[in-house]
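Notes for the structure review
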Amino acid sequence: MLKNIEAVLFDLDGSLVDSMWIWREIDVEYLGRFHILLPEGLQDEIGGMSFSETACFFKEKFGIPDTVEQIKEDWNRMAWDKYTHQVPLKDGVREFVEHCRETGIRMGIATSNSRQLVENVMGVHGILDYFDTIVTGCDVNKGKPAPDVYLEAARQCKVSPDKCLVFEDIVPGIMAGKAAGMKVCAVADAFSVYQEQEKKRLADYFINDYYDIVL
């Protein structure tokens, strides 16, 4: 899997850390403030959107009176404690990123989440300094499934897209990595288990956890 690979680019939620469950809880709580029930299938609608795109979507779809910036600030505040105390690394991540560091493979994070939460959770686990770059969907023109966030991460890592390997847990993210001209490894996650066959079809590789990767 790592043959001819010079940079490994990770999605955050569901790929590096086990956190996808948190966002459904936050959506339920947040919409509840406005006496709105969480619609079925909402997570599928917003999958891959950047933090800003998702805030705009909520504001328009649900008629939220707050500004987009206020919505994002509220979500960050609601997620902060959970990311600090309740979000573990996916199994085998620490060993894998240490291997990449030791062998000189560059590493980046390309996420739809906010930079604040990325830096928080990576810092909590003591591996923030392992990454050469963090690119969020808010840093580029379009969120996933557009390739923008992965192309920018590759550019910042100074590595050609065809020398990059992406780790992703949801279909829009896999599509983003492939659209960027990169190899993509799909990561199993309970949140997207219903998409597993589609993930396997779209991606170049599939792992249940990072211990599946023979180093």
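Above this note sits the structure.
Notes on the structure follow. Chains are numbered independently. Their residues run from 1 in the order of the written sequence. Local features in a predicted model are, by the rule used here, given only for residues with pLDDT of at least 70; side-chain atom pairs are given and counted only at 80 or more, and totals for whole chains, interfaces and linings are based on all residues. The basis for every side-chain value is the complete set of non-hydrogen atoms in the structure, without hydrogens or water.

Here's the deal with helix 8 (residues 171-179)
Taken residue by residue, helix 8 has Val171, Pro172, Gly173, Ile174, Ala176 and Gly177 as its buried positions. Buried-residue contacts for helix 8 involve helix 7 (148-157), strand 4 (164-168), strand 5 (183-187) and helix 9 (196-202). For every residue, the accessible area obtained with a 1.4 Å probe (protein chains only) is divided by the maximum for its type, and the residue is called buried under 20%, exposed over 50%, and partly exposed between those limits. We count a stretch as a helix when DSSP gives it H or I for four or more residues in a row; a strand needs E for two or more, and each element gets its number in order from the N terminus. We call two residues in contact when some of their heavy atoms are within 4.5 Å.

Quick look at the nonpolar core
Buried Ala, Val, Leu, Ile, Met, Phe, Trp, Tyr and Cys residues form a nonpolar core when they are joined through side-chain atoms within 4.5 Å. Core analysis: the biggest nonpolar cluster contains 51 residues, and Val8, Phe10, Trp75, Met122, Phe131 and Phe167 have the highest contact counts within it. The element that contributes the greatest number of residues to this core is helix 4 (residues 68-85), accounting for six residues. Excluding its chain neighbours within four sequence positions, the residues that come into contact with Met122 are Leu12, Leu16, Val17, Leu89, Ile109, Ile127, Leu128 and Phe131. Counting 20 residues, the second largest nonpolar core, distinct from the first, contains Ala153, Ala154, Val159 and Ala176.

Points about the pattern of salt bridges
The salt bridge definition used is simple: a Lys or Arg side-chain nitrogen within 4 Å of an Asp or Glu carboxyl oxygen. By the definition in use, this model includes 15 salt bridges. For Glu196, the salt bridge is made with Lys200, and the minimal N-O distance between the two is 3.9 Å. With Glu196 and Lys200 both in helix 9, this residue pair falls four residues apart, about one helical turn. We note a salt bridge from Arg201 to Glu198, for which the minimum N-O separation is 2.8 Å. Here Arg201 pairs with Glu198, and both are found in helix 9, just three residues apart, close to one helical turn. Looking at Arg201, the relative accessible area reads 58%, which means it is exposed.

Thoughts on helix 3 (residues 51-62)
Expected span, for any helix, means 1.5 Å times one less than how many residues it has. End to end, helix 3 covers 16 Å across 12 residues, agreeing with the expected 16 Å (1.5 Å per residue, within 8%). Among the residues making up helix 3, those that are buried are Phe51, Ser52, Thr54, Ala55, Phe57, Phe58 and Phe62. Buried residues along helix 3 sit in contact with helix 1 (20-32), helix 2 (42-46) and helix 4. Looking one or two residues past helix 3, Gly63 carries a phi angle of roughly 65 degrees, positive in sign.

Quick notes on the packing of aromatic side chains
The rule is short: rings of Phe, Tyr and Trp, with Trp giving its six-membered ring, pair when the centres are within 6.5 Å, and they are stacked under 30 degrees, edge-to-face over 60, tilted in between. Counting across every chain of the model gives 15 aromatic pairs. Considering the side-chain rings of Phe10 and Phe96, the 6.1 Å spacing of their centres and the 80 degrees angle between planes classify their relative orientation as edge-to-face. Here Phe10, found in strand 1 (residues 7-10), pairs with Phe96, found in helix 5 (residues 93-102); they are 86 residues apart in sequence, far enough to count as distant. On the accessibility criterion, Phe10 (0% relative accessible area) is buried. Consider the rings of Phe10 and Phe131, whose centres lie 6.0 Å apart with planes at 90 degrees: the pair is edge-to-face. With a gap of 121 residues between them, Phe10 in strand 1 and Phe131 in the loop between helix 6 (115-124) and strand 3 (133-136) connect regions that are remote in the sequence. Accessibility classification places Phe10 together with Phe131 in one group, the buried group. Through pairs of rings, three or more aromatic residues link up here, namely Trp23, Tyr30, Phe34, Phe51, Phe58, Phe62, Trp75 and Tyr83.

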